[in-house]
Every structure is written in C-alpha cells, then in structure tokens.
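One letter stands for each residue in the lines below.
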Amino acid sequence: DAGITQSPRYKITETGRQVTLMCHQTWSHSYMFWYRQDLGHGLRLIYYSAAADITDKGEVPDGYVVSRSKTENFPLTLESATRSQTSVYFCASSKGQGDEKLFFGSGTQLSVL
Amino acid sequence: AQSVSQHNHHVILSEAASLELGCNYSYGGTVNLFWYVQYPGQHLQLLLKYFSGDPLVKGIKGFEAEFIKSKFSFNLRKPSVQWSDTAEYFCAVRSGGYQKVTFGTGTKLQVIP
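> How do you make sense of the pairing of strand β11 (residues 108–112) of chain A when you look at a structure like this?
Side chains on a regular strand alternate between the two faces of the sheet. Residues and elements named next belong to chain A. Burial along β11 is one-sided: the residues T108, L110 and V112 are buried and none of Q109 and S111 is. Pairing analysis gives 4 bridges linking strand β2 (residues 10–13) to β11, with the strands arranged parallel. In the strand pairing of β11, K11 is matched with L110. Here 3 bridges tie strand β9 (residues 87–94) to β11, and the two strands are oriented antiparallel to one another. The residue bridging S87 from the neighbouring strand is L110, located in β11.

> Teacher, can you tell me more about the state of the cysteines here?
In protein structure, a disulfide is the covalent linkage between the sulfur atoms of two cysteines. Residue and element names in this part refer to chain A. All told, the structure shown has 2 disulfides over all chains when counted by the stated rule. Two residues, C23 and C91, share a disulfide whose sulfurs are 1.9 Å apart. Disulfide C23-C91: torsion about the S-S bond near -75°, hence left-handed. One end of the pair, C23, is in strand β3 (residues 19–25); the other, C91, is in strand β9, and 68 residues separate them in sequence. What makes C23 buried here is its relative accessible area of 1%.

> Help me understand the pairing of strand β1 (residues 4–7) of chain A, please; the structure alone is not making it clear to me.
Residue and element names in this part refer to chain A. With burial as the criterion, only one face of β1 is covered, namely that bearing I4 and Q6; the residues T5 and S7 on the opposite face remain uncovered. Pairing of β1 with β3 involves 4 bridges; the strand directions are antiparallel. Pairing of Q6 across the sheet is with C23, part of β3.

> Just checking my understanding: could you explain the environment of T20(A) for this structure?
Residue and element names in this part refer to chain A. Here T20 lies in strand β3. Between the C-alpha atom of T20 and that of V66, which follows or precedes it by 46 residues, the distance is 9.3 Å. Those residues in contact with T20 that sit more than four places away from it in its chain are P8, P75, L76 and T77. There is a polar contact of 3.0 Å between the side chain of T20 and the side chain of T77.

> Explanation requested: the sheet that holds strand β8 (residues 76–78) of chain A in the structure shown.
Across a sheet, paired strands are connected by hydrogen bonds in the backbone, their directions being either parallel or antiparallel. Residue and element names in this part refer to chain A. As summarised here, the arrangement of the 4 strands in space is β1-β3-β8-β7, forming an open sheet in which the pairing is antiparallel. Two strands lie at the open edges of the sheet, namely β1 and β7 (64–66), each paired on one side alone. Here the average twist between neighbouring strands, direction ignored, is 15°. Bridging between β3 and β8 involves 3 bridges; their strand directions are antiparallel. Paired with L21 across the two strands is L76, which belongs to β8.

> Got a minute to help me understand the pattern of salt bridges in this structure?
For side chains bearing opposite charge, pairing can occur when the charged atoms are close. Residues and elements named next belong to chain A. A complete count under the given rule lists 7 salt bridges over all chains for this structure. Of the charged contacts, one joins E14 and R17 as a salt bridge, the two residues approaching to 3.4 Å between their closest N and O atoms. A relative accessible area of 45% means that E14 is categorised as partly exposed. A residue is classified by how much of its surface remains accessible, and R17, at 48% relative accessible area, is partly exposed. For R36, the salt bridge goes to D38, with nearest N and O atoms at 2.7 Å. With respect to class, R36 is no different from D38; both count as buried.

Each value, and the rule that gives it
- Residues numbered from 1 in each chain as written.
- Chains lettered and ligands numbered in written order.
- Predicted model: local features only at pLDDT ≥ 70, side-chain atom pairs only at ≥ 80, totals over all residues.
- Heavy atoms only, no water.
- Buried < 20%, exposed > 50% of the residue type's maximum accessible area, 1.4 Å probe, protein only.
- Helix = DSSP H or I, 4+ residues; strand = E, 2+ residues; numbered from the N terminus.
- Pairing = 2+ DSSP bridges.
- Disulfide = S-S within 2.5 Å.
- Contact = heavy atoms within 4.5 Å.
- Polar contact = N/O pair within 3.5 Å; in protein donor to acceptor, adjacent residues only side chain to side chain.
- Axes fitted to C-alpha atoms, helices over the stretch in contact; angles between N-to-C directions.
- Salt bridge = Lys/Arg side-chain N within 4 Å of Asp/Glu carboxyl O.

What follows is the structure in structure tokens.
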C-alpha cells in the first residue's frame, strides 16, 4: 500500500525558475489538495481537485498552476519561483463521498534563493 | 469564508499534566471538524473528527475533543500527556458542503519528561 508520495523531498531553486512538485496517490481518491505550511500561517490551501480535469483555487493560488490529467497524479508548478514561495508543500487526498479524512504526503521542502 | 483560530501557539507541559488546546471556527452552518497531528519529521495524520451526533468525540492515543456549537469551539483534550505527545496540533474545519478543509495556524506542544 504505497499511499501518497511526493517528490522531490527537498528542492533548492533560484528566483524566476519554473519548478514542478509531484504528487502521486495509489488509492484512486477523488479529491486531491495542495497545501503550503509556513510558520505563523499553519497550512494554507493552494489548489484542489475534485476529479481528473477538475481543479479549483484555494486561499493562496497566485503564482501556482496545477493539472490533473489522471486521477492519481496532481502536480503543482511554480511558473516563476519567488522567495516568498519558500515553504513546505504538502499534497493530500481524500475519498470524498462523505469520508472527509485527509491523507497527507511527506511533504516537499522548497527553498527559493 | 470559513476561518479557524488556535489561540495557543506554543504550549509546554510536564508529563502527566492535563492538556486542553483551544480551537474556534467562524462558519455558522453545518461543519465537520478535525484535529490533525504532526509528529517531528512526519506528515500530518488525523487524530479525531466530528461529523454529527455525540459532541464529545474520542480519537487515537487518548485524545478527545468536544464540539460546542454555541461557542463555535472544538477544543482538544487529554487528561495526562506523555513525552511522545510532543508534536504540532492543527484544528481544521470543513463547511458548506465543500471539500475544502481550512486549517488553523497550529499549536506546538512540548512535553517535558
């Protein structure tokens, strides 16, 4: 039972570069989410997806792009990385259908220099 | 928009002390409430959840939480903490039939042996 995996675990990049964070789940959960965790802000929702090809903005979507061509994958792209996007990024999934428990990945620690 | 407030940012307790972490939310309609825990170096995992019924819910590892609708609160309690409870605790709310889950800023609990 692989669950939900994120890659890379750590990433260092420079301002202006494009970065893609990967998220893969093996449960065929309908819903997938991207959160960022910052000191003093807790977890903030960036984007979420209800199913393949259905995505919607969360609280802090600016500067990010998502896609969901397959149910199991939900990549997050920083189109032109900024220092303010230095954070820990968590991907999560849930079955939906009344079961709202979120399953989290191990996170990606991103540093933008 | 829904919001979640956790008033205690950092709590330090000795082993065997009792714990209560405050959580208040802003949404006035039907809500689902959660407490998640993040142990050092690990991903977030569900501690307990409230959907309906008995407002006193019990979770893993001896934790419980009480939903008080009139106070918009969902405080987390444990009668006697252990060193292994050292972690960061997040309150979260889902409301309005949406799958989006909003998290509080988190409370870091440090238990001293």
